[in-house]
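# Chains, contacts and geometry: an overview
Spelled out, the chains give:
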Amino acid sequence: MTKIISTHSYRGGTGKSNVTANIAASLALRGHKVGIVDTDIQSPGIHTLFHVDLNTVTHTLNNYLWGYCGIKDTNLDITDGVKGPDGEPSITGPGKVFFIPSSIKTGDIARIVKEMYDVEALNRGFMEFCDTMELDYLLIDTHPGVNEETLLSIAISDTLLLILRPDIQDYQGTAVTLELARKLEVPQLFLVVNKALETFDFQDLSQRIFSNYRTPVAAVLPLSTDLIQIGSTGLIRTLHPDHAFTRSIETIADSIE
Amino acid sequence: MSSPDAMQPAIASLAKTCEAIANGRYDDVDGLFDIITDKNVPESIRALAETFSSMVVQVEAREFHSGQLIEDLTETRRKLELAEAQLRKENQELKVRLDKFEVAYDEEEAKMEVEKVADTDYFRTLQARAKSMRSKYKKQP
């Protein structure tokens, strides 16, 4: 059975897509079949990390939600998009990464935001994706904030990764989302602190966050200049296998595996 | 020997100068110089006036020095007060910055936000479905 993992953050800009993509790469490198759905339909970001050119893609999650195609038509095998420093595919074992993208066309984004869509169809899509591709893990990259879609993603998840920055506004929203996830009885809840300045004492920060939310902190990820340089053009997990960020991603993968 | 007639005004002048100095009027010492230069005044009185005038100069110099010290101290105090105000301001700013690193949030507000979402039909339905879905999977081997 597929383990469903949602990554969510209360506010935008937490590096949620980046964390999701790197975890997916980590799990695939361990030999798992991983599926990613980019449900951040208002600002899709997963595709660039895997070097997917969405301009050539006709079937997206939007088309599926409008009933124009089946979910399997939207599926892309992006295993070879996980590239190492030499530009060569990093996954040579049995691991796979499948991906359901959201449309990047501004008209499509405007339409789906304006018209809304059947949240039930989204749920059916998730389940069909898991079954047809026989996924070990389904990673759902959600839209920031709390709305029907994100609540659904959280409700069906086995694991919720809540990404936050060490910042007062994120602390507030994280408390809200955590409480909602507890009410939805998500079996496994983890906090992931991202963009922590390297001058911070990570151990101390992790401890303080844990004692405030009484929720395990899977990792504290650093914000460093080399990460900013890579930006959203690739996966740190495979481009910098020895980076502190990569080690933290591996720790998260250990927690959910 | 000098006559008592010449001594009398000299002593009176000395007394007057003494009084002026006692009241802080250091400029009022011309009488002393008159005594020192007056050949008719007895030598001992003139010597006394001379010693006295040199004392006046020393006292005046000391007074001047003290005045300057007080001025310097006042200026230093003013600078200290400014520095203290600056420090207090910086402390306040640092405290604000420190608050950012503190893991804290408004619990009441968070509770209200949770209620707002949890108290909807959609959420309740989702809650029930999630529960049944999980118990169904748990029953599977």
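Sequence positions are assigned chain by chain, starting from 1 and proceeding in written order. Chains carry letters from A onward and ligands carry numbers from 1 onward, assigned in written order. Per-residue local features of the predicted model are confined to residues with pLDDT of at least 70, and side-chain atom pairs are confined, for both listing and counting, to 80 or more; whole-chain, interface and lining totals are unaffected and use all residues.

As a further point, take the overall build of chain B. The numbering of helices and of strands both runs from the N terminus, where a helix is a DSSP run of H or I of at least 4 residues and a strand a run of E of at least 2. When helices and strands are counted, chain B shows five helices and zero strands. If you list the helices and strands of chain B from N to C, you get α-α-α-α-α. The buried share among the 141 residues of chain B stands at 8%. What counts as a contact here is a pair of residues whose C-beta atoms, placed from the backbone, lie within 7 Å. Summarising the internal contacts of chain B: among those between residues at least 6 apart in sequence, 45% fall at separations of at least 24. Buried residues are those with 20 or more other C-beta atoms within 10 Å of their own C-beta, exposed residues have 12 or fewer, and partly exposed residues lie in between; C-beta atoms are placed from the backbone.

All right, on to the domain arrangement of chain B then. Boundaries of every domain are those given by an automatic assignment or by a domain database. Here the domain parsing of chain B yields domain 1 (4-101) and domain 2 (107-139). Each of domain 1 of chain B and domain 2 of chain B was reduced to a C-alpha centroid, and the two centroids are 85 Å apart.

Bringing helix H8 (residues 168-183) of chain A into the picture now. Take the number of residues in a helix, subtract one, and multiply by 1.5 Å to get its expected span. Spanning 16 residues, H8 of chain A covers 23 Å between terminal C-alpha atoms, matching the ideal 22 Å at 1.5 Å per step. Buried within H8 of chain A we find Asp170, Tyr171, Gly173, Thr174, Ala175, Val176, Thr177, Leu178, Leu180 and Ala181 of chain A. The elements touched by buried residues of H8 of chain A are strand E1 (3-8), helix H7 (148-155), strand E6 (159-164), strand E7 (188-197) and helix H9 (202-213) of chain A together with helix H4 (107-118) of chain B. Looking one or two places after H8 of chain A, you find Glu185 of chain A, whose phi comes out positive at around 55°.

This brings us to the pairing of strand E4 (residues 96-100) of chain A. Residue and element names in this part refer to chain A. Of all five residues in E4, four are buried, a share of seventy percent or more. Here, strands pair whenever DSSP counts at least two bridges between them. The pairing of strand E2 (residues 33-38) with E4 spans five bridges and is parallel. Counted as the bridge partner of Gly35 is Phe98 from E4. Sheet topology places strand E3 (residues 76-77) next to E4; two bridges connect them, and they run antiparallel. Paired with Asp77 across the bridge in E4 is Phe98.

Moving on, we get to the interface of chain B and chain A. Taken residue by residue, the interface counts 20 residues in chain B and 21 residues in chain A. Elements supplying a minimum of two residues to the side of chain B that touches chain A: helix H3 (43-101), H4 and helix H5 (121-139) of chain B. Broken down by element, the side of chain B that touches chain A gets its largest block of residues, seven residues, from H5 of chain B. The classification used treats Ala, Val, Leu, Ile, Met, Phe, Trp, Tyr, Cys and Pro as nonpolar, Asp, Glu, Lys and Arg as charged, and all other residues, Gly among them, as polar. Of the residues that constitute the side of chain B that touches chain A, the class distribution is twelve nonpolar, one polar and seven charged.

It is worth spelling out the packing of H8 of chain A against H4 of chain B at this point. Where H8 of chain A contacts H4 of chain B, the axes come no closer than 9 Å and their chain directions differ by 45°. Taken together, H8 of chain A and H4 of chain B sit at an angle that is classed as oblique. Handedness of the H8 of chain A/H4 of chain B crossing: right-handed. From H8 of chain A, Gln172, Ala175, Val176, Glu179, Leu180 and Lys183 of chain A reach across to H4 of chain B, where they touch Glu109, Ala110, Glu113, Val114, Val117 and Ala118 of chain B. In terms of residue class, the contact of H8 of chain A with H4 of chain B is built from seven nonpolar, one polar and four charged. Comment: axis = line fitted to C-alpha atoms, over the contacting stretch for helices; angle = value between 0 and 180 degrees taken between N-to-C directions. Any angle that is under 35 degrees is reported as roughly parallel, and any over 145 degrees as roughly antiparallel; angles of 65 to 115 degrees are reported as roughly perpendicular and all others as oblique. By convention the crossing between two helices is left-handed if the near helix lies anticlockwise of the far one by an angle smaller than a right angle, and right-handed if it lies clockwise.

All right, on to the nonpolar core then. The term nonpolar core refers to a group of buried residues, namely Ala, Val, Leu, Ile, Met, Phe, Trp, Tyr and Cys, whose C-beta atoms join them within 7 Å. Grouped together as the largest cluster of nonpolar side chains are 79 residues, with contacts concentrated most on Ala24, Ala28, Val34, Val97, Leu138, Leu139 and Val192 of chain A. Ranked by residues supplied to this core, first place goes to helix H1 (residues 16-29) of chain A with eight residues. Apart from residues no more than four positions distant in its own chain, Ala28 of chain A is found in contact with Val34, Thr79, Val82, Ile91, Gly95, Lys96 and Val97 of chain A. Ala10, Leu32, Ile35 and Val41 of chain B belong to the second-largest nonpolar core, a separate cluster that totals five residues.

What follows covers the packing of helix H6 (residues 119-132) of chain A against H7 of chain A. Residue and element names in this part refer to chain A. The contact between H6 and H7 brings their axes to 10 Å, and the two run at 35°. Seen from above, H6 lies across H7 with right-handed handedness. Contacts from Val119, Leu122 and Asn123 in H6 reach Glu148, Glu149 and Leu152 in H7. Residues belonging to the contact of H6 with H7 are distributed by class as follows: three nonpolar, one polar and two charged.

Residues and elements named next belong to chain A. Read from one edge to the other, the open sheet built from eight strands follows the order E3-E4-E2-E5-E1-E6-E7-E8, with strand pairing classed as mixed. Of all strands in the sheet, those bounded by a partner on one side alone are E3 and strand E8 (217-223). Note: E2 against strand E5 (residues 137-141), five bridges, orientation parallel. Within E5, the position partnered with Gly35 by the bridge is Leu138. Strands in contact with H8 are E1, E6 and E7; relative to E6, the strand with the most contacts, it is inclined by about 170°.

Reading fine detail from the predicted coordinates is not recommended where pLDDT is low. Residues and elements named next belong to chain B. Looking at chain B, pLDDT values average 85 and 88% of them are 70 or higher. A residue's pLDDT is simply how confident the predictor is in it, with values from 0 to 100. No element of chain B has a lower mean pLDDT than helix H1 (residues 4-22), which averages 80, and none a higher one than H4, which averages 94. Both confidence scores are given for the complex: pTM 0.74, ipTM 0.84.

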